[in-house]
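Breakdown of the fold
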Amino acid sequence: MKKVFLSLFLVLALVASSFAGGTIKIGVQAPITGKFASEGQGIDNAVRLWVEQVNAKGGLLGKKIEVVTCDDEGTAVKAAICARELVNKGVIAVIGSYTSTATEAAQATYFRAGVLQTSDGTSDTLVKHGYWTFFRNSSPNSAEGKFTADFFVNFKKYKRIAIISDYSTFAVDLAKAVVDNTIKLGGNIVYQGKIKSGDQNFTPILTKIKSYNPDVIYFSGYYTDGGLIRAQMVQLGIKADFVGGDSNDNKEFIKLAGSAAAGAYIINVPLPEYLPYDIAKKFLADYRAKYHEDPPSIWTLFNVDGLRAILHAIEVLKTTDTKKIADYLHDELKDFPGITGPITWDKKGERITSAYMAYEIQPNGEYKIVYPTK
């Protein structure tokens with residue numbers, strides 16, 4: 001009998017030892033390769049930097065945090081594969097993806113597995129499924145659409161507005177929000193059209209748009225196409241302003257547009273350097289010190305804020321039970337100090353966040369806030 005009890009004791013001790021020495025697995029689903037690799041690598045780098053800093057302080061609940069990354073290439077097909085892979089590897093939460101299309105393709109898998117997901121995806125459809133596992137860490141397209149329409153009609157007073165999107169869920173959704181809100185304000189939209197992302201040559205559609213004599217060409221898609229559209233506008237002698245939606249906010253836009261980037265407008269939430277948050281300044285400094293470059297865009301920081309909020313909930317609750325964490329994030333987390341500003345989520349997992357800004361790119365590549373004016 002003593003041997004039985006001794007054996008049972010040893011088994012329990014071994015289990016307890018294994019549990020105490022285990023890891024908390026956090027997934028990263030992002031486009032590490034492909035046309036959005038700049039963004040995906042920035043997200044992965046930022047997550048790994050933050051986890052490295054947490055682990056250096058002892059980790060969470062006596063465990064080290066392990067980052068498991070899956071490259072979704074920014075596509076729906078690969079995103080669905082990544083979701084199954086990360087769930088099978090035992091992650092409790094996933095940071096990503098960068099695109100709304102890839103984010104939505106993975107949502108149902110994470111929901112069925114009870115795995116938390118936080119993404120910078122801005123498509124309004126992401127919160128309409130009612131998944132308790134999902135948390136948007138950026139603002140929705142509907143909010144950006146209202147700001148953009150106000151910028152067009154009330155600030156710039158454009159009389160003839162052309163709208164271009166690609167075929168992605170995100171870009172179509174954002175373009176619709178801009179169109180609907182512009183019409184509500186009495187704006188005149190003279191053209192709406194779509195491009196195939198990655199085409200490289202956009203002169204046919206730009207030549208067609210030129211015949212409408214627009215005051216502005218707005219593009220709701222991604223920086224990989226936006227930079228080329230801006231450059232080709234200038235090559236064709238189109239005098240209209242260029243305004244890019246938030247996914248044009250990437251340093252690669254300026255490289256692709258070249259000298260034509262100067263004078264282009266980008267609309268996004270306030271950049272960290274314009275926010276009075278010490279944590280933002282410190283993280284930016286840490287990122288530069290480790291990777292010898294700036295984060296590729298604000299989206300890098302949105303994603304690491306999603307991670308930070310989840311880790312904070314684990315620390316407060318002393319558990320990795322994802323339902324309890326989700327309930328805490330929905331109901332109790334208020335104005336958590338984020339790198340991108342205070343973080344609060346509503347019942348749908350929608351982040352209640354700050355207003356937008358319109359930036360004008362300067363000849364030296366820096367941004368100048370032009371709206372709001374104060």
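For the structure, see preceding data.
Per chain, residue numbering runs from 1 following the sequence as it is written. Where local features are concerned, this predicted model is filtered to residues with pLDDT of at least 70; where side-chain atom pairs are given and counted, the filter is 80 or more; whole-chain, interface and lining totals use all residues. Side-chain figures throughout are based on the complete set of non-hydrogen atoms in the structure, without hydrogens or water.

**Notes on the overall build of the protein**
Working definition: helices are DSSP H or I runs of at least four residues, strands are E runs of at least two. Numbering for both runs from the N terminus. Within the protein, the secondary structure is distributed over 12 helices and 12 strands. All radius of gyration figures rest on C-alpha atoms, and the globule criterion is 2.2 Å times the number of residues raised to 0.38. A compact globule built from 374 residues should have a C-alpha radius of gyration of about 21 Å, and the protein, at 22 Å, falls within 12% of that. Its C-alpha atoms give the protein principal-axis dimensions of about 95 × 35 × 35 Å. Buried means the residue's accessible area, taken with a 1.4 Å probe over protein chains only, is under 20% of the maximum for its type, while exposed means over 50%, and partly exposed covers the values in between. Counting across all 374 residues of the protein, residues that qualify as buried make up 55%. Put simply, of all contacts in the protein between residues at least 6 apart along the chain, 68% involve residues at least 24 apart. The accessible surface values rely on the Shrake-Rupley method and a 1.4 Å probe; as for residues, cover is taken only from the protein chains in view. Surface exposure of the protein reaches about 15,900 Å², of which carbon and sulfur atoms provide 56%. For the purpose of counting charges, residues Lys and Arg are taken to be positive, whereas Asp and Glu are taken to be negative. His and the chain ends are not included. A single reference atom marks each charge: NZ on Lys, CZ on Arg, CG on Asp, CD on Glu. Across the protein, the 43 positively charged side chains and the 39 negatively charged ones have centroids separated by 2 Å. By the convention used here, residues are in contact when the closest approach between their heavy atoms is within 4.5 Å.

**Considering the state of the cysteines**
We call a pair of cysteine sulfur atoms a disulfide when they lie within 2.5 Å. Taken as a whole, this structure holds 1 disulfide when the rule is applied. Through a disulfide, Cys 70 is tied to Cys 82; the S-S separation comes to 2.1 Å. In this structure the cystine formed by Cys 70 and Cys 82 twists about its S-S bond by roughly -80°; its chirality is therefore left-handed. You can see Cys 70 sitting in strand β2 (residues 64-71) and its partner Cys 82 sitting in helix α3 (residues 76-88), a full 12 residues away along the chain. For the pair shown, Cys 70 and Cys 82 are each scored as buried.

**Topic: the packing of helix α5 (residues 141-156) against helix α6 (residues 169-184)**
Every axis corresponds to a line fitted to the C-alpha atoms, with the helix fit spanning only the stretch in contact, and the corresponding angles, defined between N-to-C directions, vary from 0 to 180 degrees. At their nearest, the axes of α5 and α6 sit 8 Å apart, and the two run at 45° to each other. By the angle between their directions, the pair α5 and α6 is classed as oblique. Like other packed secondary-structure pairs, α5 and α6 cross with a definite hand, here right-handed. Taken together, the residues of α6 that come into contact with α5 (itself represented by Asn 141, Ser 142, Glu 144, Gly 145, Lys 146, Thr 148, Ala 149, Phe 152 and Val 153) are Phe 170, Asp 173, Leu 174, Ala 177, Val 178, Asn 181 and Thr 182. Following the grouping adopted for this structure description, the nonpolar residues are Ala, Val, Leu, Ile, Met, Phe, Trp, Tyr, Cys and Pro, the charged ones are Asp, Glu, Lys and Arg, and the polar ones are all others, Gly among them. For the contact of α5 with α6, the class distribution of residues is 7 nonpolar, 6 polar and 3 charged. Oblique is the label for any angle not covered by the other classes, which are roughly parallel (under 35 degrees), roughly antiparallel (over 145) and roughly perpendicular (65 to 115). The crossing is said to be left-handed when, going from far helix to near helix, the turn is anticlockwise and less than a right angle, and right-handed when the turn is clockwise.

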